[in-house]
Amino acid sequence: MLTINATDVRKNWSEVSDSVIRERPRFIKRTRDYMMLSNLELMNDLLSAYTFTADKYTEADGSITLSLNEIDLVENAETEAKAKERLASAILEYAYEYYNDYKTYSAAPNRKSHIPYVFKAIILDDAARIGECIQCRDGRN
């Protein structure tokens, strides 16, 4: 693997950081641990394949319920647009909660698959932008 020793990274932090931002990600080795240092633009590109999809249900009262497929989140509102806004806010809130307790959430078998969606939401860092990424399709009642 094309790695740099962590000691060299510490000694040349500015140079390594500049190269990560302007050239390419870097792989770093510290004793037995390996990690990658990347800029957020690359992370956003890597996560572009991950999309938020929601099943849409029209309730008896005419309201719309959106059920996110990738993460167990459900929101209801008078319109699809409002439900999407609420769902996007819920995604962002969940992403921060997950990240703040990453050790616990990422170890849970039923939540491990949420990792790319959590990072996507954190990188977007805006409920409106997340809302633009939610693709709705008709669900079955």
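See the structure printed just above.
None of the values given here were measured: they were computed from a predicted structure. (Residues numbered from 1 in each chain as written. Predicted model: local features only at pLDDT ≥ 70, side-chain atom pairs only at ≥ 80, totals over all residues. Heavy atoms only, no water.)

Engineer: Mind laying out the overall build of the protein, listing which residues take part and the relevant values?
Structural biologist: Helix and strand counts for the protein come out as 7 helices and 7 strands. Listing the helices and strands of the protein from first to last along the sequence gives β-α-α-β-β-α-β-β-β-α-α-α-α-β. Whereas a compact globule of 141 residues would reach a radius of gyration of roughly 14 Å, the protein reaches 19 Å, over 25% beyond that. Taken over 141 residues, the protein has a buried fraction of 35%. Counting only contacts in the protein whose residues sit at least 6 apart along the sequence, the fraction spanning at least 24 positions is 41%. Of the roughly 9,300 Å² of accessible surface on the protein, a fraction of 48% belongs to carbon and sulfur atoms. (Helix = DSSP H or I, 4+ residues; strand = E, 2+ residues; numbered from the N terminus. Rg over C-alpha atoms; globule rule 2.2 N^0.38 Å. Buried < 20%, exposed > 50% of the residue type's maximum accessible area, 1.4 Å probe, protein only. Contact = heavy atoms within 4.5 Å. Areas by Shrake-Rupley, 256 points an atom, 1.4 Å probe, with all protein chains shown as cover.)

Engineer: How would you explain a nonpolar patch on the surface if you had to name every residue and give the values?
Structural biologist: Among the surface-exposed residues, Leu 2, Phe 27, Met 36 and Leu 46 lie close enough to one another that they form a single nonpolar patch of about 410 Å² accessible area. Inspection of the secondary structure assignment puts Leu 46 in helix α3 (residues 40-46). (Patch = residues over 30% accessible without salt bridge, like charges linked within 9 Å, V, L, I, M, F, W, Y side chains within 5 Å. Salt bridge = Lys/Arg side-chain N within 4 Å of Asp/Glu carboxyl O.)

Engineer: Explain the pairing of strand β4 (residues 52-58) residue by residue, including any values.
Structural biologist: For β4, the tally of buried residues reaches 5 of 7 residues, placing the bulk of the element in the interior. Strand direction decides the pairing type here: β4 and strand β7 (residues 134-138), joined by 5 bridges, are parallel. Paired with Asp 55 across the two strands is Arg 137, which belongs to β7. Where β4 meets strand β5 (residues 64-68), 5 bridges bridge the pair, whose relative direction is antiparallel. Looking at β5, one finds that Asp 55 is bridged to Ser 67. Once β4 ends, the chain turns through 5 residues before running back antiparallel as β5, passing Gly 62 with a positive phi of about 90 degrees. (Pairing = 2+ DSSP bridges.)

Engineer: Go over the sheet that holds β5 with me, naming the residues and quoting the values.
Structural biologist: On the basis of which strands lie adjacent, the open sheet formed by 4 strands has the order β6-β5-β4-β7 and mixed pairing. Two strands bound the open sheet, and with one partner strand each, they are β6 (74-77) and β7. Ignoring which end each strand starts from, the neighbouring axes of this sheet average 30 degrees apart. Sitting on the sheet, helix α4 (residues 80-100) is in contact with β4, β5, β6 and β7, with an inclination near 145 degrees to β6. (Axes fitted to C-alpha atoms, helices over the stretch in contact; angles between N-to-C directions.)

Engineer: Please give an account of helix α2 (residues 13-22) that cites residues and values.
Structural biologist: Taken together, the buried positions of α2 are Val 16, Ser 17, Ser 19 and Val 20. Along the axis of α2, the buried residues cluster in a sector spanning 165 degrees; they form a single face. Exposed side of α2, more than 90 degrees from the buried face: Ser 14, Glu 15, Ile 21 and Arg 22 are the residues found there. The elements touched by buried residues of α2 are α1 (6-11), β2 (26-30) and β3 (33-37). (Arc of directions from axis to C-beta.)

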